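# Structural description and commentary
Listed below are the residues making up each chain.
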Amino acid sequence: MSMVFSPGHSAEAAMVNGDSAHEHTEEAESKEERNGEADAGEDSNEQEVIVIQDTGFTVKIQAPGTDPFDLQVSPQEMVQEIHQVLMDREDTCHRTCFSLQLDGNVLDNFAELKSIEGLQEGSLLKVVEEPYTVREARIHVRHIRDLLKSLDPSDAYNGVDCNSLSFLSVFTDGDLGDSGKRKKKGNELDQIDCTPPEHILPGSKDRPLVPLQPQNKDWKPMQCLKVLTMSGWNPPPGNRKMHGDLMYLYIVTVEERHISLTASTRGFYLNQSTTYTFNPKPANPSFLSHSLVELLSQISPAFKKNFTALQKKRVQRHPFERIATPFQVYSWTAPQVDHAMDCVRAEDAYTSRLGYEEHIPGQTRDWNEELQTTRELPRKNLPERLLRERAIFKVHSDFAAAATRGAMAVIDGNVMAINPGEETRMQMFIWNNIFFSLGFDVRDHYRELGGDAAAHAAPTNDLNGVRAYGAVDVEGLYTLGTVVVDYRGYRVTAQSIIPGILEREQEQSVIYGSIDFGKTVVSHNKYLELLDNTSRPLKVQRHGVLNEKSETVELCSSVECKGIIGNDGRHYILDLLRTFPPDLNFLPVDGEELPPESQRQGFPRQHRHRLACLRQELIEAFVEHRYLLFMKMAALQLMQQKANKDANTTDMPNGEYKSPLEGKELEESIPGLAQAKELAETLVAEDGSDPKSREVVLNACKAVGSISNSSFDIRFNPDIFSPGVRFPEESADDILKQKQLLKDTAAFLVSCQIPSLRIGISELITRCAKHIFKTYLQGVELSALSAAVSHFLNCFLSSFSDSVTHLPLDELVSRRKSRKRRNRVPGSGDNTAWASLTPSELWKNITSEAMSYYHFTLECESVDQVVEKYGLPKITLLREIAIKTGIQILIKEYNFDSRHKPAFTEEDILNIFPVVKHVNPKASDAFHFFQSGQAKVQQGFLKEGCELINEALNLFNNVYGAMHVEICACLRLLARLNYIMGDHAEALGNQQKAVLMSERVLGIEHPNTIQEYMHLALYCFANGQLSTALKLLYRARYLMLLVCAEDHPEMALLDSNIGLVLHGVMEYDLSLRFLENALTINTKYHGPRSLKVALSHHLVARVYESKAEFRSALQHEKEGYTIYKNQMGEAHEKTKESSEYLKYLTQQAVALQRTMNEIYKNGSNASIMPLKFTAPSMASVLEQLNIINGIIFIPLSQKDLENLKAEVQRRQQLQELGKSEEPVEESPLELEDKIPVDYAGEHQ
């Protein structure tokens, strides 16, 4: 039984909680935008409580030829889900065509179990074989083929069917959790080989690629059959059809027996056909069998033996290693895989199977109808919302997969254009009910905005708009399914089709917005009403513009946003590329000056297109910033009034609040600001009846640029600075204010947001290379693709300066020179200009691109200079460019530095994948539970937090299925909580799932995956699995070196972890190499006086103490002590601890010296005091590991907890005021003593 709370909106509207106060007015968006609200589920009288029944029950299943077994089911499940379970179980997996019967009645596949009469605890369900149809026979063959391939990673390498790689099991040998305990009794220390591979030691310059994909022994192919394919005798002739023949299969067994099989309505049997003669009569003996597996097991002993072993292995794998991911993940490296015969793959390729239509009546899917219908599902309560979100998510992931296949088919030339007469770049396509267009400036539509550069940027802007409107989720307003695919140098936009739009001209269809960037504009009341609901959450201001007759037209979006009513009567909006306001830093406008913060940094700069716009996150951050300012202004005035009351003078004149930025300096000096702020909050919540308080709010509103005079409300007019748009005279004042607001935002971006980002040189270089690669690839014909890609990579990364390509000497020389055709498919260029690119030319282009696009000076003329100047390994650059462009290369060691031959040959380029951008629909209820849980944890309510997060996990699973990025974050936090609450085994289990999921959903070397490996290593160490912990940490370090090289702030944390574990297993010298590297990196990135550096000194000192090198230990601990004393003061416990440790070290050093003197004086018969040389206890190592990973165990006495909560609340109040009493060096370490906050970079 699980209780689910859904917060009541009445509570929410009344609650004005700091940052989100301005959002709690309308129900729809308060649901959307509830950020980190901790109150979900406290006052239960305000809650609409929904109880979801999921008390499971057990049924017995009886399948032919097996003993009855028990199966746990839940009332919500459909009968079909039991089918799925049976098709996955080891003993029943070979059956696909059966019905389930209860007391002789066949159960409906799509019925929920709770609706079936008589089905209860202990019921017996019989598995009854049903006659085959052609469809069922195909499904059976496909399923058997999937079982035979279940351990074969080739689908993951080829990026098909949502398979992806995972290597965790290689490092844990499957011995996580309790099983690990049983294996290794006795002292584990004796057996550990702690030496890391040479290439991951600090300072090593070697960056091998092969270890990225370690050998997985389970993947050694266990061959069950040599060939399983459709026979050339298909389809059966009429007279055989009437005997029940459905299709014929051709099989070669491992024993080299060539056989022909018939699939009939009754099952499978051997027939007498050979390759050249057709004889459909049953062979003798024929073995009619309902299951292909049973038949093959009788014919081939090797099949029987290997198939059984294969299934055993298959079911032993962790389910997360084999469940399909919701979206395809591509691997940029792969080994050389043999290309084997595969009937199903061949059939899929040539029967134009468009997605999953063999399961769907009526062949192709009407994507638009599916996408919009799921949005219309009811959402009044939690069960309805879960059903709706699950449906939306499923359709989206199917649509993204279909759109990706279609986009590739378009570029590969497999789809006929709908306007084949026009030149290639103008062509448009329809495939599988999806509309495809190319990212070129067709008919000079974007001429004034930057031509092709604008046409390339527009689709991603539009996608961001679709994402934003989709998230607001207003009933009655529809957007198109949109996916943007970059493939082989082309950008393809895939969209669902508005019913009826293809039959009419666009001019007639558009009843809202403009089709010529604002020269002519129309509006429509229904659209204004619908868009008005999005105006507040998206911060879009309703405004008037002039049409061609100079009449005012009301809009509530940018002019480009078009409204079209489809033949289905739905109100669609499209072309949402200007949903968010422009970034004025990249939009020089005559006669307009930017604020000094922008000007000082050389803005505005000319950009290659005029569509640069601000991200939604930036708009949110800016509004948040203004809200804090608004509160401070109101508070200051209240205090002024109070002071003035005493002196009986008048209020402060409005004039003094010209710039909201003046408030900053004032606030530092004023005591009692906190109380005034509370006052201001109540005042904002009031209805404004008191004239005094009204005036305070009015002044504060004016100061921060709010569009309302009585409450805080900032919105942007997206048409400001749009070239073709004119505004009515009467709104001139508003327009001036809006212009100022945009300028302030531009300044906020460069002065507040950007300084907190590190510039990534490798990111910058590879993005420039990607821009060049895009146009480079567009001219290459298909047969030269691998040669062209390898040539580009040589120019980019190889030290071999004379990278001349050899145009592929065609394997087949064509007899006749082909005549040039005008109408080619998009991806069929025929120039060979690509072959003349040289390394020096490419690097010149990269530096000029860096200058013109990013305004960054790269002083490098070759890749070797980049390596030298920025310390970037070539392998890191290779990984970045491969991922950004979709290249897949052969996994082997490349010699980049040879001056005699190029690093890559065309044989090294295995594939080119699409790079896909799409909307990720959210599980909103689950997400709110997750955020509330996080907030509870931050406040120290661990148990409540844990419950909320478990509930979030259930809901996420309900919407997304088992695999998803957000489930990964959920599991990570759960594992952390299990660990803090002392449940190590549970922590291991959850974290293992998080690692597997991160590998599968994000990629085996994604930065998040590396972090998950680190967390898992910590829990393994705590669970006494030391060698596994080290293997995991070494894996994390290898991946880290590959992804971002050694010089990175996160490396310090990783090396501290490795150093501590090595210290624990008494590998002191190795330990010091890692800890001293961590000290160097911390000093570089956090400054020599940082608390992180103090801790690093302490860790190094401890190892020197274990080695009895007390002088070095003292030296390091003194450094640490000095930092603590200066940062925290003498009285702080950290300073005291350090001082105690110094005393202890000094005593040890003195004792050692005495002993040495004694030995010198009296020689061998000296009486020596025994010295304490102790290996560190595991507990002390673990304590330090917890500290560096930001985990502190809460002392669980009630009094401590009360103090803790008070302390946390005090800190939160301070933070809200943007001011902290502590010294500026506010480091996590300070907080860590009090509360288990996750500092290990939750950077999702």
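Here, every reference points to the structure presented above.
A brief look at the structure comes next. Since we're looking at a predicted model, the values are computed, not measured.

## A short note on the overall build of the protein chain
Broken down by element type, the protein chain carries 42 helices and 25 strands. In the protein chain, the share of contacts with a sequence separation of at least 24, taken over all contacts with a separation of at least 6, comes to 70%. Entry remark: accessible area of the protein chain is about 57,300 Å², with carbon and sulfur atoms responsible for 53%.

## Considering the sheet that holds strand 11 (residues 267-270)
Within the open sheet, the 4 strands sit side by side as 8-9-10-11. Their pairing is antiparallel. Edge positions in the sheet fall to strand 8 (225-230) and strand 11, since each has one partner strand and no second. Strand-to-strand, the axes of this sheet are offset by a mean angle of 25°, without reference to chain direction.

## Here we look at the packing of helix 34 (residues 1026-1044) against helix 35 (residues 1049-1064)
Following both chains from N to C, one finds helix 34 and helix 35 inclined at 155°, their axes separated by 10 Å at the closest point. In terms of axis orientation, helix 34 runs roughly antiparallel to helix 35. For the pair helix 34 and helix 35, the sense of crossing is left-handed. Contacts from L1030, L1033, Y1034, A1036, R1037, M1040 and L1041 of helix 34 reach helix 35 at E1050, M1051, L1054, D1055, N1057, I1058, V1061 and L1062.

## As for the packing of helix 36 (residues 1068-1086) against helix 37 (residues 1091-1106)
At a minimum axis separation of 9 Å, helix 36 and helix 37 run at an interaxial angle of 165°. Accordingly, the angle class assigned to the pair helix 36 and helix 37 is roughly antiparallel. Handedness of the crossing formed by helix 36 with helix 37: left-handed. In this structure, helix 36 uses Y1068, S1071, L1072, L1075, E1076, A1078, L1079, N1082, T1083 and H1086 to contact helix 37, whose residues at the interface are K1092, V1093, S1096, H1097, L1099, V1100, V1103, Y1104 and S1106. Split by residue class, the contact of helix 36 with helix 37 holds 10 nonpolar, 7 polar and 2 charged.

## So, helix 22 (residues 691-704)
In a regular helix each residue adds 1.5 Å, so 14 residues correspond to 20 Å; helix 22 covers 20 Å between its end C-alpha atoms and thus fits that length. When we look at burial in helix 22, the residues that qualify are S693, V696, V697, N699, A700, C701, A703 and V704.

## Some remarks on the sheet that holds strand 23 (residues 887-890)
The pairing of strands in a sheet happens through backbone hydrogen bonds and is either parallel or antiparallel. With respect to topology, 3 strands assemble into an open sheet ordered 12-23-24, the strand pairing being mixed. Taken across any chain shown, the strands that pair with only one partner, and hence form the sheet edges, are strand 12 (333-334) and strand 24 (909-912). Bridge count for strand 12 against strand 23 is 2 bridges, and the pairing is parallel. Bridging from a neighbouring strand, A334 pairs with L890 of strand 23.

## Overview of the side chain of K743
In this structure, K743 sits in helix 23 (residues 732-753). Non-local contacts of K743, meaning those with residues more than four positions away in its chain, are made with L584, E592, E593, L594, P595 and F721.

## Thoughts on the environment of L449
Here L449 lies in the loop between strand 14 (434-438) and helix 15 (451-472). Between the alpha carbons of L449 and R608 there is a distance of 8.6 Å; along the sequence they are 159 residues apart. If we ignore the near neighbours within four places in the chain, the residues touching L449 are A454, F517, R578, H609, R610, L611 and P723.

## Considering the state of the cysteines
For the structure shown, the criterion picks out 0 disulfides. Cysteine C561 shares no disulfide, and the gap to the nearest cysteine sulfur, in C556, comes to 9.5 Å.

## Section: the pairing of strand 23
Direction of pairing for strand 23 relative to strand 24: antiparallel, over a ladder of 3 bridges. For Q888, the partnering residue across the bridge sits in strand 24 and is N911.

## Observations regarding the pattern of salt bridges
On inspection of all chains with the given rule, the structure shows 62 salt bridges. Of the charged contacts in the structure, one is a salt bridge between E376 and R570, with a shortest N-O distance of 2.7 Å. Pair noted here: E376 is in the loop between helix 13 (367-375) and helix 14 (382-411) and R570 is in the loop between strand 21 (562-565) and strand 22 (571-574), with a separation of 194 residues, a long-range link. Judged by its relative accessible area of 8%, R570 is buried. Where K884 meets E763, a salt bridge forms, and the shortest distance between an N and an O atom there is 3.1 Å. Taken together, the residues K884 in helix 28 (residues 874-885) and E763 in helix 24 (residues 761-778) connect sequence positions 121 residues apart. Residue E763 is classed as partly exposed on the basis of its relative accessible area, which comes to 28%. Three or more residues are tied together by salt bridges with common partners; here these are E763, R767, R879, E880, K884 and E1005.

About the thresholds
- Residues numbered from 1 in each chain as written.
- Predicted model: local features only at pLDDT ≥ 70, side-chain atom pairs only at ≥ 80, totals over all residues.
- Heavy atoms only, no water.
- Helix = DSSP H or I, 4+ residues; strand = E, 2+ residues; numbered from the N terminus.
- Contact = heavy atoms within 4.5 Å.
- Areas by Shrake-Rupley, 256 points an atom, 1.4 Å probe, with all protein chains shown as cover.
- Pairing = 2+ DSSP bridges.
- Axes fitted to C-alpha atoms, helices over the stretch in contact; angles between N-to-C directions.
- Parallel < 35°, antiparallel > 145°, perpendicular 65-115°, else oblique.
- Left-handed = near helix turned anticlockwise from the far one by under 90°.
- Nonpolar A, V, L, I, M, F, W, Y, C, P; charged D, E, K, R; others polar.
- Expected span 1.5 Å × (residues − 1).
- Buried < 20%, exposed > 50% of the residue type's maximum accessible area, 1.4 Å probe, protein only.
- Disulfide = S-S within 2.5 Å.
- Salt bridge = Lys/Arg side-chain N within 4 Å of Asp/Glu carboxyl O.

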